[in-house]
Amino acid sequence: MQYKIATLPGDGIGPEIVEQAVKAMKSVGEAFNHEFDFQFAPVGASAIDEVGEPYPEATHNLCMESDAVLFGAIGDPKYDNDPSAKVRPEQGLLKMRKLLGLYANIRPVVTFPKLNYKSPLKEEIVEGSDFVVIRELTGGIYFGEPRGRSEDGHTAFDTCVYNKDEVKRILDLAYEYAGKRRKHLTVVDKANVLGTSRLWREVAQGMEKEHSDIQTEYMFVDNAAMQLIQWPKKFDVMVTENMFGDILSDEASVITGSMGLLPSASVGIHTSVFEPIHGSYPQAAGKNIANPIATILSAAMLLESLDLMKEAEAIRNAVNQVIDEDYLTEDLNKENAKSTTEVGDKIAELIRANSTVLEG
């Protein structure tokens, strides 16, 4: 089979880590007789430098024409340190989400037994944690209008807006995921204070009756933030609005011991996007030290979206093997750190080797 993959390395460590995911997918292609056509395009700060826009029309057209999007990261310190910049890399990410209709971000959080000791939490707390955070991605305070500054510059304002259709759409997806897992859904809101959260809870309570086989619980966001740290194993599927999901999913990411381990998928109306959760990490850019595993596991999620389940499993098996062998970058193995390239090469090699064994 042939698949067209829009490949957007982006900024910071994005090009380095995407290169390793491409290697892994090429190994999958060799082992399972698939052809992946990787078409590269600029996004973020690199696109601003190149054409003046963080999400150019040509990049969008490529994404729309592709079977999936493999994405690195967006962000550059020269924009972070300039609050007056009118064009910013992050605008490209928001524009991509809006134009592709990516209304849901899916972040699985799974611990690796060999690395539980790396978590800032006690091993007995994190051991066996396995849950999914589903974040609404195209509504809420990041997109609401009006937004801006007063004429004198002394006041700033943002508006949080949701409608019932947006809330129902993301809850439908969350119930679908819960139904395939342990049948436990946690709806996170701030319904004691916010009108948008009361709408979320109202819609969820109406839908709960249609999903009697799934245990639905409701939790205020501050309580959810606390319980994620105290009892991460209690969660199965968590669903929430845009800004709460942004914060909680990053909090959840450290449970595993490194943000460099966690993939994500953004799905919706058009082409789905697969990316690591850790951002552009500009301090490490060009040093060949960044952990590529999150991006490689994002490639596994991409393969699953194409119904290539065995192929996705081949990537995960190779990742588990490098973790078991402690063949890891410096964030996980300071004493005998491997480079980004070395880890990528090893995973690609294992995919080929393991597949040859299976064929034999």
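Residues numbered from 1 in each chain as written. Predicted model: local features only at pLDDT ≥ 70, side-chain atom pairs only at ≥ 80, totals over all residues. Heavy atoms only, no water.

> Would you take a moment to explain the environment of leucine 93 for this structure?
Tracing the sequence through the fold places leucine 93 in helix α5 (residues 89–100). You can call leucine 93 buried: its relative accessible area is 16%. Apart from the residues within four sequence positions on either side, leucine 93 is in contact with Phe71 and Ile74. (Helix = DSSP H or I, 4+ residues; strand = E, 2+ residues; numbered from the N terminus. Buried < 20%, exposed > 50% of the residue type's maximum accessible area, 1.4 Å probe, protein only. Contact = heavy atoms within 4.5 Å.)

> How should the nonpolar core be read in this particular structure?
In globular proteins that are soluble, nonpolar side chains generally tend to be buried together. Formed by 64 residues in total, the largest nonpolar core has its most connected members in Ile293 and Ile315. For this core, the leading source of residues is helix α11 (residues 293–305), giving eight residues. Here isoleucine 315 is in contact with Ala24, Val28, Ile296, Ala299, Ala300, Leu303 and Ile351, once residues within four sequence places are set aside. Residues Val126, Val188, Phe235 and Ile255 belong to the second largest nonpolar core, which totals 18 residues. (Core = buried A, V, L, I, M, F, W, Y, C linked by side-chain atoms within 4.5 Å.)

> It is not clear to me how the layout of surface pockets should be interpreted in this structure. Could you clarify?
Space left empty within the atom packing is revealed by a probe, the size of a water molecule, rolled over the atoms. Taken as a whole, the largest pocket holds about 750 Å³ of empty space. Lining the largest pocket we find 27 residues, and of these Pro108, Tyr177, Met301, Glu304 and Arg316 sit closest to its centre. Elements that contribute at least two residues to the lining of the largest pocket include exactly β4 (104–110), β5 (130–136), α7 (164–180), β11 (263–267), α11 and α12 (309–324). For the lining of the largest pocket, the residue count by class is 17 nonpolar, three polar and seven charged. In this structure, the second largest pocket occupies an estimated 470 Å³ of space. In terms of lining residues, the second largest pocket is bounded by 23 residues, among which Leu93, Arg97, Arg107, Arg135 and Asp246 are the most central. When residues of the lining of the second largest pocket are assigned to their parent elements, the largest contribution, four residues, is made by α5. (1 Å grid on protein atoms, 1.4 Å probe; cavity = no way out; pocket = protein on both sides within 12 Å on 5 of 7 lines; lining within 4 Å. Points joined across faces, edges and corners; volume = space filled by probe spheres on them. Nonpolar A, V, L, I, M, F, W, Y, C, P; charged D, E, K, R; others polar.)

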